[in-house]
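A closer look at the structure
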Amino acid sequence: MRLSLLLLASTLLACGGSESAMRLGMAGPFEEGFGLANRRGAELAVAEINAAGGINGTPLEIVYRDDQGEGSVAAAIAQDFVEDPSIAAVVGHVTSGAMVAAAKVYDGKLSALATTASSAALTGISPWVFRVISSDSANGVDLARFASRLGKTRAAILYENDAYGRGLADAFRGEFDGTVIGFDPIDADGTDAEVYGAWFAQQKPDLVFVAGTERSGLALMREARKAGVTAEFLGGDGWTGLVMDPVAAEGALVGAPFTALDPRPAAQKFVAAYRARYAADPDGNAALAYDAVQVLVAGLREVGGDRAALREWLAARSGDRAIPGVTGSIAFLPTGDPVGKSFVMTRIRSGALTPAESAK
Amino acid sequence: MNLIFGTIRSRLIAGLSLVVVLLLVAGAVGRSAISGLSADLARTLDGVRRETSSTAALTTNIALELAAAGRYLDRGAAADLESFRNTGWAAHEAQRALNASEGLSASEIALVATIDAQLSSIEAGLAAAHRLRDLGRQAAAESRAAAVRAQEIALTAEIEQLAEMRAQQLERATTALQDTATRRQRFLLAVIIGAILIGVAIVVTTVRGISGPLSLLVAHARALSRGHLDFRTDTDLPGEFRELAEAMNSSAANLARVAAAATGTAEEVATSAHQLTSAAEQVSLAAAQTASAMSEVTSGAELQVSSLREADAALQGVRQRAHEVRAGAEEVADLASGIERQAREKRAEIVLAREMLADIRSSVDSAAIEVQALTETAESINRFVGIVSRIAEQTNLLSLNAAIEAARAGSAGRGFAVVADEVRKLADQAQQAAEDVVQLTAVVTRRVGTTTQAMAIGAARVGEIESVSKGIDTALTSITTAAEQTRAAAMGLGEAADLNVASVGAAALGISSAARAAEGHAAAAEQVSASTQEQSAACEEMSSAANALLQGSVHLKEIVASLRAE
């Protein structure tokens, strides 16, 4: 009985606490590794901010919703966020498809700062949608030039059949100098990995570019290795999660927005904190989510929780008014894309993204 | 209203300005409604067109993509694979365009995302089937393709659902457009009706504002034309009419004052005319009486004149005889001349008297007196003639005695006898003359009696003639005096004869003067009568003028009275 009362009291206190907190929404496929990394980056940021006294004395709170990376789910969640007046802004969405679908819901009502949604389709999609990751149209170009510099001339292109995959693959195909022997859509779960492994073995490309995420990527690498494929495997930021299977991912080339080996003090401080909290190295997903939260908190500190004021503040982040982040200074173009963010070309060595060559 | 819009003009200007403003507003609203509606329509239609085209592109490309995928599985032609990729890419582009279109509901966005995910999954499966075929694993390829067939059916259902949602959306858009159109139409209608109502109100109030005061003023004008000068119009009217009403009221007041003044004047004139008429009538009556009296005086005077003429004629005879006497008696002639002188003096007196006869009554009275005196004079003449006769008898006796004495004296007395005889003859002649005078005097007396009678009648009627008679009487008294002097002088024979002659001459002169006086009286009477007639005529003219004046004043009074009458 006494225990029940204590529980009730603590619940009430928690409720009281949440009443006075500054709240953000966040949505992503948290079941996925890259989604989880996003969430962890955000949680770390919240923990650090609240430990430092919150936002002008008010604690920060994030409402997490899992959109499964599905546009339909993301649109419904976005609607919920819009209708919840306590939500000042949204961190995310994480994936491009979800963000494209949700952007129309947020338009004119609620600011969304996407973490890793890099689809070119998001460029200028709404004045209320911003992102901390550069666009796939830019990333694809960077990756294609990197591949060309590696001397690859015969590429098979696979893409997860969503906004991210299609956008990145299309950008890569447009910029790649060599022959493209295949341009095939795949499922994110790697269903047909065996088929493509066999096909790569038959067709013998010297480069397999996969515009996708870690599950399909790992499945493909496993099957390709089984089939004796010797081609280099290259992926974009969606592949930073491949480190979860160091064996399968060994040797994969990844164009990442962030590497834990980034020597800058701010990056190393973040890496240390992340390691301390999660006992793992942070990847681009975690770093971008961390930076997204930091940017929104800076806005909340300056203009408070008013949605429109916050959007104005975000739109005003340009040039010398950039916010310093672990992935670099963050400012926005009028299209909502970040200014001057660069990819770091890495190769996975023993489960770590080690710098391969700077794309810039 | 009157306080703010004092005049009909300002009322009209303000009202019509309001109507114009309202109509301008209506026009602007109509224009903006139409342009807004057309913009809405264009936007909606554009959205619908783009969505329809996107939906059609999505549907068509999916169908083409699936068909190409099937063909590649059958034949393995690279063109079919290319077509599969291109149409698939186009389908995703269409999906993206659809996703980007305006006005999608969350459920539609979700559906489009579902379709995209479904299609993506199907594409991935088909792409794998294609690679299986490339690898020569035909059975596995068929199997992989069959595995996504169920998804294809679901995709078809989802596309149909999307089409239905788009149709509903279109319907909602149409309804919204219709609602907007209806709302704007109603608003426009309300504004126009408002403008019309205000316009009608302005027309009505203006017409009332004009016709009400106008009918009041017309009534006022009619009342004035009927002479209701005390009629007043209430001046609580719109500006222009207030001025008009005030002007009419002041005109009526002025007219009323004029009428009052005219009435007073007319009454005064009427009174004066009445008085004048009655005075004129009295004057006329008096003049008529005077005229008739004068007429009688005139006729009396004429009668008197004719009598005097006869007396004068008789006296002429006497005078002739008297001259004969004078021829024998210078003393008598001297006396006669003295009488004549006296008579001349009297005549001057008579002239003076005649001048004094301005007063007709006194003149007639004096004439009557004179006639009376004449009568007395005739008696005196008779007495005088009796004396002459007695003197002649005594002279005859004396001459007879002288003849006897002469005869006694013989021849010494012969001459004396001749003188005595001559004296006797003279006495005889004197006797004869005296008899003639007696006879003439009798005639005169008779005539004078007649005259006296006429004079008595005249004197009884007109005192003026009596005074003339008195004048004559006085003159004749003087004559009598002269005659007495003649008698005194006629102590001698010649003297007596001359005296006789002189007396007769004086009598003749007196009569003549009386006659002339009578003529003068008659002339004066005629003049008086004429002037009386003139006066009478003037009085009648005056009376007629007074009558005309009276009639005029009565008419004037009637007119003025009619001005006040109801």
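To keep things clear, this report deals only with the structure shown in the data block. The structure displayed is predicted, hence computed values, not measured ones. (Residues numbered from 1 in each chain as written. Chains lettered and ligands numbered in written order. Predicted model: local features only at pLDDT ≥ 70, side-chain atom pairs only at ≥ 80, totals over all residues. Heavy atoms only, no water.)

**Remarks on the overall build of chain B**
Our working definition: Helix and strand labels come from DSSP, where a helix needs a run of H or I of at least four residues and a strand needs a run of E of at least two; each type is numbered from the N terminus. Residue exposure (1.4 Å probe, protein chains only): buried if accessible area is under 20% of the type maximum, exposed if over 50%, otherwise partly exposed. Residue contacts are defined here by distance: any two heavy atoms, one from each residue, within 4.5 Å place the two residues in contact. For the accessible areas, the method is Shrake-Rupley and the probe is 1.4 Å, while residue cover comes only from the protein chains on display.
Across its full length, chain B holds 11 helices and 0 strands. The linear arrangement of helices and strands in chain B, starting from the amino end, is α-α-α-α-α-α-α-α-α-α-α. Every one of the 566 residues in chain B was classed for burial, and the buried ones make up 42%. In chain B, of all internal contacts separated by at least 6 residues, the share reaching a separation of at least 24 is 84%. In the structure as shown, chain B presents an accessible area of about 28,700 Å², 59% of it carried by carbon and sulfur atoms.

**With respect to the overall build of chain A**
Counting its regular elements, chain A contains 12 helices and 12 strands. Split into buried and exposed, the 360 residues of chain A put 58% on the buried side. Within chain A, residue pairs in contact and separated by at least 24 positions form 68% of the contacts whose partners lie at least 6 positions apart. Carbon and sulfur atoms provide 54% of the accessible area of chain A, an area that totals close to 13,200 Å².

**Points about empty space enclosed by the protein**
What counts is decided by this rule: In this analysis, the protein atoms alone were mapped onto a 1 Å grid. Cavities are point sets where a 1.4 Å probe fits without being able to get out; pockets are open sets with protein on both sides within 12 Å along at least five of seven lines; lining residues have an atom within 4 Å of a point. Grid points are joined across faces, edges and corners, and a volume is the space filled by probe spheres set on the points. Ten residue types, Ala, Val, Leu, Ile, Met, Phe, Trp, Tyr, Cys and Pro, are classed as nonpolar, four, Asp, Glu, Lys and Arg, as charged, and the remainder, Gly among them, as polar.
Going through the model one piece at a time under the given rule, you end up with 2 cavities of 30 Å³ or more. In this model, the largest cavity occupies a volume close to 60 Å³. Forming the walls of the largest cavity are Tyr159 and Pro185 of chain A together with Glu65, Phe84, Arg85, Gly88, Trp89, His92 and Glu123 of chain B. No other element matches the 5 residues that helix H2 (residues 78–100) of chain B contributes to the lining of the largest cavity. Here the lining of the largest cavity is composed, by residue class, of 4 nonpolar, 2 polar and 3 charged. Estimated volume of the second largest cavity: approximately 40 Å³. Lining the second largest cavity are Val132, Ile133, Ser134, Pro257, Leu288, Lys341, Ser342 and Phe343 of chain A. Looking at side-chain class alone, the lining of the second largest cavity contains 5 nonpolar, 2 polar and 1 charged residues.

**Details of the nonpolar core**
As a rule of thumb, soluble globular proteins bury nonpolar side chains together. In plain terms, the rule: Think of a nonpolar core as a cluster: buried Ala, Val, Leu, Ile, Met, Phe, Trp, Tyr and Cys residues, connected wherever their side-chain atoms sit within 4.5 Å.
Within the largest apolar cluster, 56 residues are counted, with the highest numbers of intra-cluster contacts made by Phe200 and Phe233 of chain A. The dominant element in this core, judged by the number of residues it contributes, is helix H3 (residues 106–134) of chain B, at 10 residues. The contact partners of Phe233 of chain A, leaving out residues within four places of it in the chain, are Phe200, Val208, Val210, Leu220, Met221, Ala224, Trp239, Ala252 and Leu253 of chain A. Counting 46 residues, the second largest nonpolar core, distinct from the first, contains Leu44, Ile133, Tyr274 and Tyr290 of chain A.

**Brief notes about the layout of surface pockets**
A probe as big as a water molecule, rolled over the atoms, marks out the empty space that is left. We count it as follows: Either an automatic procedure or a domain database provided the assignment from which the domain bounds are taken.
Of the voids in this model, the largest pocket is the one considered here, and its volume is about 820 Å³. Surrounding the largest pocket, 40 residues form its lining, Gln68, Gly69, Glu70, Asp162 and Ala188 of chain A being those nearest its centre. At 7 residues, the largest contribution of residues to the lining of the largest pocket is made by H3 of chain B. A per-class count over the lining of the largest pocket returns 12 nonpolar, 17 polar and 11 charged. In terms of domain composition, the lining of the largest pocket takes at least three residues from each of domain 1 (20–134 + 264–329) and domain 2 (137–256 + 345–355) of chain A.

**Focus: the interface of chain A and chain B**
Reports often express the size of an interface as the amount of accessible area lost when the parts come together. To be explicit about the condition: The term salt bridge refers to a side-chain nitrogen of Lys or Arg lying within 4 Å of a carboxyl oxygen of Asp or Glu. As used in this structure description, the phrase polar contact means that two N or O atoms lie within 3.5 Å; if the pair is within protein, one of them must be able to donate a hydrogen and the other to accept it, and residues adjacent in sequence are counted only when both atoms belong to side chains.
Counting residues at the interface gives 28 residues for chain A and 29 residues for chain B. Linking chain A with chain B are 6 salt bridges, by the criterion used here. The salt bridge partner of Arg166 of chain A is Asp116 of chain B, with a shortest N-O separation of 3.1 Å. Counting the contacts that link chain A with chain B gives 12 residue pairs in polar contact (both at pLDDT 80 or more). When contributions to the side of chain A that touches chain B are tallied by element, the ones reaching two or more residues are helix H3 (71–83), helix H4 (96–106), helix H6 (163–175), strand E7 (179–186) and helix H7 (193–203) of chain A. Broken down by element, the residue count for the side of chain A that touches chain B peaks at 6 residues, all from H7 of chain A.

**As for the sheet that holds strand E3 (residues 87–91) of chain A**
Residue and element names in this part refer to chain A. Applied cut-off: Note on pairing: DSSP must find at least two bridges between two strands before they are called paired. Here, axes are lines fitted to C-alpha atoms. For helices the fit covers the stretch in contact, and angles between N-to-C directions go from 0 to 180 degrees.
Spatial ordering of the open sheet is given by E2-E1-E3-E4-E5, a layout of 5 strands whose pairing is parallel. One side of each edge strand has no neighbouring strand; the edge strands of this open sheet are strand E2 (60–66) and strand E5 (129–131). Between one strand and the next, the sheet's axes are offset by a mean angle of 25°, whatever the strand orientation. Of the strand pairs in this sheet, strand E1 (residues 22–28) and E2 are connected by 7 bridges, and their pairing is parallel. Bridged to Gly25 within E2 is Val63. On top of the sheet, H4 reaches E3, strand E4 (112–114) and E5; it is set at about 165° to E4, its chief contact. Packing against the sheet, helix H12 (residues 307–315) makes contact with E3 and E5, and its axis sits at approximately 40° to E3.

**So, the environment of Gly97 of chain A**
All names here are of chain A. Here Gly97 is to be found in helix H4. For the pair Gly97 and Ala121, spaced 24 residues apart in the sequence, the C-alpha separation amounts to 9.2 Å. Residues in contact with Gly97, not counting those within four places in the same chain, are Gly71 and Ala163.

**Some points on the packing of H3 of chain A against H3 of chain B**
Stated formally: Here the word oblique covers every angle except those under 35 degrees (roughly parallel), over 145 (roughly antiparallel) and from 65 to 115 (roughly perpendicular). Definitions for this section: a left-handed crossing has its near helix turned counterclockwise from the far helix by less than a right angle. A right-handed crossing has that turn clockwise.
One can describe the packing of H3 of chain A onto H3 of chain B by two numbers: an axis separation of 7 Å at closest approach and a directional angle of 160°. Considering the angle they form, H3 of chain A stands roughly antiparallel to H3 of chain B. Crossing handedness for the pair H3 of chain A and H3 of chain B: right-handed. The residues of H3 of chain B that touch H3 of chain A, namely those facing Gly71, Ser72, Ala75 and Gln79 of chain A, are Ala106, Ile109, Ala110, Ala113 and Thr114 of chain B. Here the contact of H3 of chain A with H3 of chain B is composed, by residue class, of 5 nonpolar, 4 polar and no charged.

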